[in-house]
Amino acid sequence: MAGLFAKLKRTEEPSTSVLGADAPLVPIESTDLSRRVALLDSLEEAGLGWFWASDATGRLIYLSNAASEELGLDNGDAVGRQITDLFQPDDDPTSEQSQRPLKFLFAAHSSIGPITVKVAGKKSDVWWEVAAKPQTNTDGEFTGYHGSAKDISASHERRRDAEKLSKYDSLTGLANRHFMAKQLDTTLTAFRSAKRSVALLMLDLDRFKQVNDTLGHPAGDELLKQVADRLQRIIGDKGEIGRLGGDEFQVMLPDMDDRGDLGDLALRIVQMLSQPYSIDGMRAVIGTSVGVAIAPYDGIEAEELVKAADLALYSAKCEGRGQYRFYSSDLKEGVNERARIEEDLRDAILKSELQMHYQPIVNAKTHRVECMEALMRWEHSERGMISPADFIPVAEDVGIIREMGAWALNEVCQQVTRWPSSVRAAINVSAVQFSSDDFVKVVEQALKSTGVNPAQIELEITESVFIGDLERTFRLFKQLKSLGVKLALDDFGTGYSSLSYLRDAPFDKIKIDQSFVRGCSADDSNNPAIIAAVVGLAGALGMETVAEGVENKDELETVKKQGASHLQGILFSRAIPPQDVLARFERGELEFEPTGPDRYRHERRTEFRRIGLIHDDHRYKVVLRNLSKTGAKIEGLLDVPVGTEVVLDLGSGQLAVATVRRSEGFSQGVEFEMHLISDGAKGLCTRHRVSPYQIEAAGRPLASLGSDAYAALAGNFKSTSKAFMEADIGAMTAAR
Ligand code: C2E
Ligand code: CA
Ligand code: CA
């Protein structure tokens, strides 16, 4: 209060000078009650400080008028209220100020303050600094408090904002990197002793940079805010969300270790964040990839867990974006694999390891080939065939796709000059290639230098070109059309085509993505309706439709019935090498007959993986030949009776209880007690794993799961004789 009085003194100075030095001095004696009260009144009125008093039971018996007014209370409203009611502790858990047990202080009749309290008046967010001294009567009995107060709402708000700045991301209000790391650290430490689990989700937005670059930074900021809102809606109070910077987000979920639930949640995040955003009347579409790691399974310390989630995220991105992925110890392998591809890709063109193969697209009525889709093949000198699904994304990431694309254009144009004039070639154009400045020039150059008829060349473009600079996209379409080439919209239905773009874009053809064709003959499928709708739409716009990926006769019948004008798929032919194409054409064979299975069968993955099988305290080595959600085919044990209960050790602590349902010699079919779940990519995994806490309880140090986690538990196997005879199927197959 010293400051207050200093101020008060200063304001009195002019009056003394007006009166002059010779005016008689009349000091306020401490006994002069009325003048002292007047002094305090003026202090109250100036709003520089207020006073309050309570009785022994904690009821307010006095509050400065100005203070009541500020709270929007009539003085009568305030008087009589409990002070612990009126003055409430700063309850913001994120506040740096430690929680003061206000009630405790009052109850103990201690000296108060100065402390910051939230005042429960009629207005919200009023903050006071209060101080008070306990009063006693002559007998030393507590009679209540005399206190002072002043409004500090403005400075409190500022300080809170500053505090938030250091903990919270100022753009989205989510926890920032620093705070998230701290929280993860303290949570993991606390949970370790309680043997609890924590799941960590790492998110990275797909194509955010494109939105930022084309719509501008303010739009990018707005997008991030909306992403944060959606995340908050999904996660609610189940966990803590943070933005680590840029377009990276993190979610920490205590007590989540069921990978089935986590997979569902991750999928929901992917789906919700992929819905279009509206920003200042503009439409933006992004996606997200999610990596999931769970403590203590995938990491004990924060650093290890974050690394695991990062690696899972990286893997999800490589798998084609818009996916989630669980961490598993063999992901490290995948990373190395990708690095090797990246390295070797640079040499692939020089070493002539790339080749274009061609898959026919036939007329649905005549089965006559009208177009051949050029598909890139890479025959690596050491590792054999590498799928374009594996190397095209890498080539896009490192930018080498431009060179590869230019090479492909020339190569295909060259080939087509030797084909009948009734057959066109379709060339895939990556969105990265499409976005390069010289793309039209590259096409023009290939057409000119080979002398191919431009009408025989078709460019397959995916919907992702609609996400970038639309004006440029449409300008390029025009320029390409004026070169005389045809345009096809590839993978229709998987991306984000707005129908209005489609109406204005000069496509000659829409290719209906395989995912709508796959299983379209099943009774409960709504794919036929989707195909019919696309066919109708294309017809109205004067475009052809190609049903991609027709594999069996059922699907053929369905897509034909829905009116697709053209067909492509292994039912007619796989992609074939250029010399075979030429030979066919020279023989005049332009028709492709459908040959293949009658109906669609649920995919069973063919595998060859050594796993463990546990039965009666024994662990056998078997080979996994076949794996689906519901069961597996194993080889390696002789004559295991039907009905036998076994446990398959699928590695990394994944144990699946199963019952033998079929048995023939060294081969058994088993059914899982609990279905496997998707790992987000192409793989399957168990919902639960052996917990590192269990392994710790068995006398081992606490560590994240390695690939042979179960072995750590299995020290106590008996040495009694095994029930089944084992054969090394791996060696047998390799020798064959
Ligand atoms: P896409 O453009 O959708 O090509 C069709 C893919 O489906 C090809 O895979 C083809 O072999 C496969 N396919 C055809 N019929 C069937 C069927 O009946 N069943 C199934 N399951 N698959 C079928 P491929 O050759 O592995 O190529 C994968 C992707 O790689 C292509 O998908 C395309 O996006 C990309 N790609 C391939 N070659 C090139 C290229 O030269 N340049 C660019 N930029 N991308 C390419
Ligand atoms: Ca294609
Ligand atoms: Ca396609």
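Residues numbered from 1 in each chain as written. Chains lettered and ligands numbered in written order. Predicted model: local features only at pLDDT ≥ 70, side-chain atom pairs only at ≥ 80, totals over all residues. Heavy atoms only, no water.

1. A closer look at the coordination of the calcium ion (ligand 2)
- In this structure, Glu-373 (OE), Asn-428 (OD1), Glu-460 (OE) and Asp-490 (OD) serve as the protein donors to the calcium ion (ligand 2), at separations of 2.2 to 2.3 Å.
- When the donors of the calcium ion (ligand 2) are listed by position in the chain, the intervening gaps give E-x54-N-x31-E-x29-D.
- In this structure, the calcium ion (ligand 2) is positioned 3.7 Å from the calcium ion (ligand 3), and both are ligated by Asp-490. Placement of the pair is Glu-373 in strand E15 (residues 369-380) and Asn-428 in strand E17 (residues 424-429), with a sequence separation of 55 residues.
- Glu-373 gets classed as buried once you look at its relative accessible area, which sits at 4%. (Donors = N, O, S within 2.8 Å, 3.2 Å for Na, K, Ca; no water. Helix = DSSP H or I, 4+ residues; strand = E, 2+ residues; numbered from the N terminus. Buried < 20%, exposed > 50% of the residue type's maximum accessible area, 1.4 Å probe, protein only.)

2. Notes on the site of ligand 1
- The environment of ligand 1 is formed by 20 residues, the closest being Gln-359, Arg-377, Gln-514, Glu-551 and Ile-570.
- A distance of 2.8 Å separates an oxygen atom of ligand 1 from a polar atom in the side chain of Arg-377.
- Those elements that provide at least two residues to the shell around ligand 1 are strand E14 (354-363), E15, helix H14 (388-398) and strand E19 (486-492).
- At four residues, E15 tops the list of elements feeding residues into the shell around ligand 1. (Near = heavy atom within 4 Å. Polar contact = N/O pair within 3.5 Å; in protein donor to acceptor, adjacent residues only side chain to side chain.)

3. Some points on the coordination of the calcium ion (ligand 3)
- Bound to the calcium ion (ligand 3) are the protein donor atoms Asp-490 (OD), Asp-491 (OD), Glu-548 (OE) and Glu-548 (OE), situated 2.2 to 2.6 Å from the metal.
- Written as a sequence motif, the donor residues of the calcium ion (ligand 3) are D-D-x56-E.

4. Overview of helix H21 (residues 527-540)
- Between its first and last C-alpha atoms H21 spans 20 Å; for 14 residues at 1.5 Å apiece the expected length is 20 Å, and the two agree.
- Residues of H21 that are buried make contact with E19, strand E20 (509-512), helix H20 (514-517), strand E21 (544-547) and helix H22 (553-561).
- Gly-542 lies just past H21 and shows a positive phi near 70°. (Expected span 1.5 Å × (residues − 1). Contact = heavy atoms within 4.5 Å.)

5. Remarks on helix H2 (residues 33-45)
- Given a rise of 1.5 Å per residue, 13 residues ought to cover 18 Å, and the 18 Å separating the end C-alpha atoms of H2 matches this to within 8%.
- Downstream of H2 by one or two residues, Gly-47 has phi in the positive range, about 75°.

6. Side note on the sheet that holds strand E7 (residues 198-206)
- Spatial strand order, E8-E9-E7-E12-E13: five strands in an open sheet with mixed pairing. Of all the strands in the sheet, the pair left with one neighbour each is strand E8 (240-245) and strand E13 (324-326). Each strand axis lies, on average, 20° off the axis of its neighbour in the sheet, ignoring direction.
- In this structure, E7 lies alongside strand E12 (residues 287-295), joined through nine bridges in antiparallel fashion. What sits directly across from Leu-203, in E12, is Val-290. (Pairing = 2+ DSSP bridges. Axes fitted to C-alpha atoms, helices over the stretch in contact; angles between N-to-C directions.)

7. A closer look at the nonpolar core
- In this structure, Trp-419, Leu-459 and Leu-480 are the most contacted members of the largest nonpolar core, which totals 78 residues.
- Of all the elements, helix H15 (residues 401-416) adds the most residues to this core, at seven residues.
- Discounting chain neighbours no more than four positions away, the residues touching Trp-419 are Tyr-358, Met-372, Arg-424, Ala-425, Gln-456, Val-581, Leu-582 and Phe-585. (Core = buried A, V, L, I, M, F, W, Y, C linked by side-chain atoms within 4.5 Å.)

8. Some thoughts on the environment of Asp-55
- Counting through the fold element by element, Asp-55 comes out in the loop between strand E1 (50-54) and strand E2 (60-63).
- On a C-alpha basis, the gap between Asp-55 and Glu-664 in space is 91 Å, while along the polypeptide they are 609 residues apart.
- Among residues more than four places away in sequence, those in contact with Asp-55 are Ile-61, Thr-143 and Gly-144.
- Reaching out from Asp-55, the side chain makes a polar contact with the side chain of Thr-57 at a distance of 2.9 Å.

9. Regarding the pattern of salt bridges
- Considering all chains together, one arrives at 35 salt bridges under this definition.
- Residue Asp-32 pairs with Arg-35 through a salt bridge whose shortest N-O separation is 3.8 Å.
- Given a relative accessible area of 22%, Asp-32 falls into the partly exposed group.
- Take Arg-35: its relative accessible area is 33%, and that puts it in the partly exposed class.
- Among the ionic pairs, Asp-206 bridges to Lys-317, the shortest N-O distance being 2.7 Å. Here Asp-206, found in strand E7, pairs with Lys-317, found in helix H12 (residues 302-318); they are 111 residues apart in sequence, far enough to count as distant.
- A residue is classified by how much of its surface remains accessible, and Asp-206, at 2% relative accessible area, is buried.
- Each of Glu-337, Arg-340, Asp-344 and Arg-383 takes part in one network of salt bridges that share partners. (Salt bridge = Lys/Arg side-chain N within 4 Å of Asp/Glu carboxyl O.)

10. A word on the packing of helix H13 (residues 331-348) against H14
- In contact at an axis separation of 10 Å, H13 and H14 are set at 70° when each is read in the N-to-C sense. Our classification of the angle between H13 and H14 gives roughly perpendicular. Contacts from Arg-338, Ile-341, Glu-342, Leu-345 and Arg-346 of H13 reach H14 at Asp-390, Phe-391, Val-394, Ala-395, Asp-397 and Val-398.
- For the contact of H13 with H14, a count of residues per class yields six nonpolar, no polar and five charged. (Parallel < 35°, antiparallel > 145°, perpendicular 65-115°, else oblique. Nonpolar A, V, L, I, M, F, W, Y, C, P; charged D, E, K, R; others polar.)

11. Concerning the pairing of strand E28 (residues 667-672)
- Among the six residues of E28, five are classified as buried, and the element is accordingly described as predominantly covered.
- Here strand E27 (residues 655-664) pairs with E28 via six bridges, running antiparallel. In the strand pairing of E28, Ser-663 is matched with Gln-668.
- A loop of two residues connects E27 with E28, the two strands running antiparallel in sequence, and Gly-665 in this loop sits at a positive phi of about 60°.

12. Digging into the packing of aromatic side chains
- Taken as a whole and assessed by the stated rule, the structure comprises 19 aromatic pairs.
- Considering the side-chain rings of Phe-477 and Phe-507, the 5.3 Å spacing of their centres and the 65° angle between planes classify their relative orientation as edge-to-face. Note that Phe-477 is positioned in helix H18 (residues 470-483) and Phe-507 in the loop between helix H19 (499-504) and E20, a separation of 30 residues in sequence.
- Take Phe-477: its relative accessible area is 0%, and that puts it in the buried class.
- By relative accessible area, Phe-507 is classed as buried at 5%.
- Three or more aromatic residues joined by ring pairs form one cluster here, namely Phe-434, Phe-439, Phe-466, Phe-474, Phe-477, Tyr-501 and Phe-507.
- Sitting above the plane of the Phe-191 ring, Arg-196 keeps its charged end 3.9 Å from the centroid.
- The aromatic ring of Tyr-277 is capped on one face by Arg-230, whose charged end is 3.6 Å from the ring centroid. (Phe/Tyr/Trp six-rings, centres within 6.5 Å; stacked < 30°, edge-to-face > 60°. Lys NZ or Arg CZ within 6 Å of the ring centre and 35° of its normal.)

13. Remarks on the confidence of the model for the protein
- Per-residue pLDDT for the protein has a mean of 87; in total, 91% of the residues score no lower than 70.
- A low-confidence stretch, residues 1-17 (pLDDT under 50), is modelled with eight contacts involving residues beyond four sequence positions or located in other chains.
- Predicted confidence is poor over residues 93-100, with pLDDT under 50, and the contacts of this stretch with residues over four places away or in other chains come to 15 contacts. (pLDDT = per-residue confidence, 0-100.)

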